[in-house]
Amino acid sequence: MTYYVIKRLGMMIPTLLVISFIVFVIIQLPPGDYLETYIAELESQGESVDQDKIKFLRDQYGLDDPFMVQYFNWVSGFISGDFGYSFEYDLPVREVIGDKIWLTILVSFITILVTWAIAFPIGMYSATHQYSWGDYGLTLLGFIGLATPNFLLALVMLYFANVWFGTSIGGLMDPEYLDQPWSWGKFKSVLEHLWIPVVVIGTSGTAGMIRRLRANLLDELDKQYVMTGKAKGLPPFKLLTKYPLRMSLNFFIADIGSLLPSVISGAEITAIVLSLPTTGPMLLDSLQSQDMYLAGTFLMFLALLTVIGMLISDLLLAWLDPRIRLQGASLK
Amino acid sequence: MFRQLFKARDTWRAPVSVLITGFLSLTTSATAVASIPYFSDDVASGKLPPMEQRIPAEPAIAEFSGSETTGQYGGQLRLLMGKSKDIRLMMVYGYARLIGYTPEHELVADILRDFTVEDGRIFTFHLRKGHRWSDGEPFTSEAFRYYWENIVNNEDLFPFGLPAKLMVEGEPPAVSFPDDLTVRYEWSKPNPYFVPALAAPRPMFIYAPGHYLEQFHSDFTPEEELQTKVEEAGVRNWAGLHHRKNHPYKNDNPELPSLQPWVNSTRPPAERFVFERNAYYHRVDDNGRQLPYIDEVVVNITSKSLVAAKTGAGESDLQGRYIRLDNYTFLKEGESRNDFNVRLWSSGTGSQFAIYPNLNSNDPVWRDLVRNREFRRALSVGINRHEINQVIYFGLAQASANTVLPSCSLFEPEYQTEWTQFDLDLANDILDRMGMREKDSRGIRLMSDGRPLEIILQTAGEGTEETDILELIGESWFKLGVKLHVKPSQREVFRERVFSGDAMMALFNGIDNGSPTADMSPREFAPTNQTQLQWPKWGQYFETNQKVGEAPDIPEAMQLLELYESWSRSRNSVEREMIWHEMLKIHSEEVFSIGLVCGVPQPVVVNNKLRNVPEEGVYSWEPNSFFGVYRPDTFWFE
């Protein structure tokens, strides 16, 4: 087992290097560079920029360096925790990302918890009451959640939250609490705003999870050990949670791998529509304006978390499910 | 003759006399002057001197006209912006300039007490005695000296030489500082760009707070100390550090002393920026009370697409940016619920959108065709501008060529109307006479090499407004036997295609400054810049001093360039006005760009309690600096 973990960890380094190279190439692929985007943006509002100034900035940012030089500067800095410089914000990347990441984790975390809290009972109910009215009704509700475009739902909810409850539009708190220390008022204001992104992002995830849990449970419910348990007089709920539910959790553990990166990326589209102070809109902006070090650093973090997440879910699966563990061993 | 040398010469005299009388009344009533509540604690504790000592000995006195009234102190003005970089607009809205425009586009001294211009080439600036930076340090000719000697003439900071507007035909000015309050710039030839550059929405800063910046300058700070600061900031060298600290336009350094009415107090990155009132601001109202009236300006950053929704929910007190005419009905709906009103200002661009035939196209057949003025005229009269106005703009706009606006002093009706009538017969007639009589089975005319006349028109594809307009144009051009295909692409890609000559035609904003005066540069009307989409390569040629691009090779374009150059050498407004008219005339006859409609109203949302915001105004970048020329420092809350 230890050998396996070390081998997996060793594989992560070349994987991440390849990813970093691909990421960098792709960010650089579109014609032009950050400064051209910047000039274009200024000019669309009527402003203009001196050519001399541009030349100076190009030099300062090292945009005329050869591609490989730029790449190595960036990658070598990564090891020492220097992620480069964000042109857009005129600040080191670390400072730009720093603040946002906590709010992003907060939103994502609560969303995930809410998703689980809704999806598990419904999934269990649907599986145990297959083809009943309740099953159909909840499935329909889930599908509506899955099929409604998130951004539309977000806009509709924003509008009515404002008209009915007077919640300020967008963001995670009322503007007067931004950059203020935490207080009871700020906490309440956050709660007031938080439910919209949680519901919007949660709806689609919930539906998917309900369906998978239901399908997995249905596979197990007809098995003989369930019958035996029933025959022995185990209470239905205890029987369900003790045996078939645990058997059908593999998909859930495997999901953790992809969950980890989504915790810090947030749901981009929804975050943009809702103007959440999370990392999603920032990632999109930096990609659009070719703010390459900021975008690259983001994507590298996502890659790193994906790789780690996959490792964690593999290890958890092996630990949780003896079938996987023992089959793997017998192959050797 | 001498009086006409510079229009501003006439205009500064009046304010000076007002100033003096104003100053007299001020000194007599100084004891009665109320203090500013915002600073009362600081003044009481001795942190700040009282108001009389914070304003210059001869402050600038705000003029109130029409329904404007003197106001009361206090309040917080909330604005919405789409990106944290947009806080630079506070430099535009604040509009404290050495020399600034009035709403009538006259140039008057503002930060300066007054200024004189001799022969269009010697500029003498007189500062206000006792004027201070926002940190309380004196603002004297030292600030100009620091900029001149330690910034622009420092090889590390300006490796590529002086900014273009300080150079006249390659020659730098002789700058002298006769005393603490006087600065003189002297060229051997006229420099008509200098004063407008100081009054521009993005002004040329020819002064800098040396007392603050010296700590980042290698001439004043030992290398080791500087090196640690450079590393902390994560920049390449001390020059990068100095530039980062000294970005008066970007407004991103809260420590940088300023002369604006409100000074940023929030370090980016942030979602909410608070601009606090400048305790040493140089303007007062006619009771001698220091401006601005409003204590704080709060800029909330949200996503661009939410600005209209948030404004409609009453979350902005003064909003024009990121809202458009198609938000009008939504905003009106929120008016009564959220206690604001929506005003319709006129927009300042020469034409909301204009079609630019690419005279530098790589396709030789097409290039010859668009270089023929008859063809451009035919396309122009083949557009039903009335229909566009009715369908897209509720009939609130006006059909126009891509030229100056009716409100402009240089306006002549024929500039707007020539070749903008809708006349399909005339257009067909012109195309027939050009020899394109043959058509294919769809009824599309054939070009000289037998290809059908299909135009691929590039747009920056940002909104539905563009595509809606092009849909209408496509229909009427089809009746001329011209097929229009629209290709939206991302803005950078769009520009690359036009610059390289791959694009046949492009749709983009019209002339930026629709109401220039004769003293403003006519650069937009001559091939001087790569971003002029009808002749990018000619513009690039001029911009790069003949190094890259192509030389203009049609007589009218060459003539425009000659006129532009003679404008640069001109010494007075009369000469400049003649040049302007000649250029505008060539434009309207040649139809180098095809204008559509102008005067599309710009909704401006104003809190009902906010006073002194004009009912009607012009919302333009240059020369109005959006709200700048209406002086937001005189706005106040009831």
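Every residue gets a number counted from 1 within its own chain, in the order that chain's sequence is written. All chains are assigned letters beginning with A, and all ligands numbers beginning with 1, in the order in which they are written. Note on the predicted model: pLDDT of at least 70 is required for a residue's local features to be given, and 80 or more for side-chain atom pairs to be given and counted; whole-chain, interface and lining totals, by contrast, use all residues.

1. Structural notes on the overall build of chain B
Short version of the rule: Starting at the N terminus, helices and strands are each numbered in turn, a helix being any DSSP run of H or I of at least four residues and a strand any DSSP run of E of at least two. Atoms counted for the radius of gyration: C-alpha only. Globule rule: 2.2 Å times the number of residues to the power 0.38. Think of it as a crowd count around each C-beta: if 20 or more other C-beta atoms lie within 10 Å the residue is buried, if 12 or fewer it is exposed, and in between it is partly exposed, with C-beta placed from the backbone throughout. Contacts here follow a simple rule: the backbone-placed C-beta atoms of the two residues must lie within 7 Å.
Assigned secondary structure in chain B consists of 21 helices and 25 strands. Computed over its C-alpha atoms, the radius of gyration of chain B comes to 26 Å, within 12% of the 26 Å expected for a compact globule of 638 residues. C-alpha extents for chain B along the principal axes are approximately 90 × 60 × 55 Å. Relative to its full complement of 638 residues, chain B shows a buried share of 51%. Considering only contacts in chain B between residues 6 or more positions apart, those separated by 24 or more positions represent 72%.

2. Some details on the overall build of chain A
Scanning chain A for helices and strands turns up 16 helices and two strands. Projected onto its principal axes, the C-alpha positions of chain A cover 85 × 60 × 35 Å. Counting all 332 residues of chain A, 32% fall into the buried class. Taking contacts inside chain A between residues at least 6 apart in sequence as the whole, the part at least 24 apart equals 71%.

3. Digging into the packing of helix α7 (residues 150-165) of chain A against helix α8 (residues 184-221) of chain A
All names here are of chain A. Note the threshold: Only C-alpha atoms enter the line fits that serve as axes; for helices the fit covers just the stretch in contact. Angles between N-to-C directions range over 0 to 180 degrees. Comment on the angle field: the value is read as roughly parallel under 35 degrees, roughly antiparallel over 145, roughly perpendicular from 65 to 115, and oblique elsewhere. Helix crossings get a hand from a simple test, with the near helix turned counterclockwise from the far one by less than a right angle marking a left-handed crossing and a clockwise turn marking a right-handed one.
In the contact formed by α7 and α8, the axes pass within 10 Å of each other and the chain directions differ by 155°. Here α7 is positioned roughly antiparallel relative to α8, judged by the angle of their axes. Note that α7 runs across α8; the crossing there is right-handed. Each of N150, L153, A154, M157, L158 and A161 in α7 lies in contact with α8, whose residues at this interface are I196, V200, I201, T203 and S204.

4. Notes on the interface of chain B and chain A
Put simply, the rule is: Amino acid classes used here: Ala, Val, Leu, Ile, Met, Phe, Trp, Tyr, Cys and Pro are nonpolar; Asp, Glu, Lys and Arg are charged; the rest, including Gly, are polar.
Contacts between chain B and chain A engage 35 residues on the former and 35 residues on the latter. Sorting the residues of the side of chain B that touches chain A by element identifies α9 (238-245), α10 (307-312) and α18 (491-500) of chain B as the ones contributing at least two each. In terms of residue count, the dominant contributor to the side of chain B that touches chain A is α18 of chain B (five residues). Classifying every residue of the side of chain B that touches chain A gives twelve nonpolar, eight polar and 15 charged.

5. Digging into the pairing of strand β10 (residues 272-277) of chain B
Residues and elements named next belong to chain B. Put simply, the rule is: In this scheme, strands are said to pair when DSSP sees at least two bridges between them.
By the bridge criterion, three bridges tie strand β9 (residues 262-264) to β10 in an arrangement that is antiparallel. By the bridge assignment, N264 is partnered in β10 with F275. With five bridges connecting them, β10 and strand β12 (residues 296-301) associate as antiparallel partners. In the strand pairing of β12, V274 is matched with V298.

6. Here's the deal with the nonpolar core
Residue and element names in this part refer to chain B. So the rule is basically this: We define a nonpolar core as a collection of buried residues of the types Ala, Val, Leu, Ile, Met, Phe, Trp, Tyr and Cys that are connected via C-beta atoms lying within 7 Å of each other.
Core analysis: the largest hydrophobic core is formed by 109 residues, its most contacted members being M90, I99, L112, Y147, V297 and V299. Setting aside residues up to four positions removed in sequence, I99 forms contacts with L107, V108, A109, D110, L112, F115, V195, L198 and A199. Judged by nonpolar contacts, the second largest core, of 70 residues, contains Y356, I473, L480 and V498.

7. What to know about the sheet that holds strand β5 (residues 114-118) of chain B
All names here are of chain B. Strand order in the open sheet formed by four strands is β5-β6-β8-β7, and the pairing between neighbours is antiparallel. Lying at the two open borders of the sheet, with one neighbouring strand each, are β5 and β7 (174-179). Neighbour-to-neighbour, the strand axes of the sheet open up by a mean angle of 15°, direction not taken into account. As defined by bridge partners, strand β6 (residues 122-126) adjoins strand β8 (residues 182-186) across five bridges and the pair is classed as antiparallel. Bridge pairing in β8 places F123 opposite Y185. Sheet strands in contact with helix α5 (residues 141-152) are β7 and β8, and its direction is about 155° off that of β7.

The values are spatial; any link to function lies outside them.
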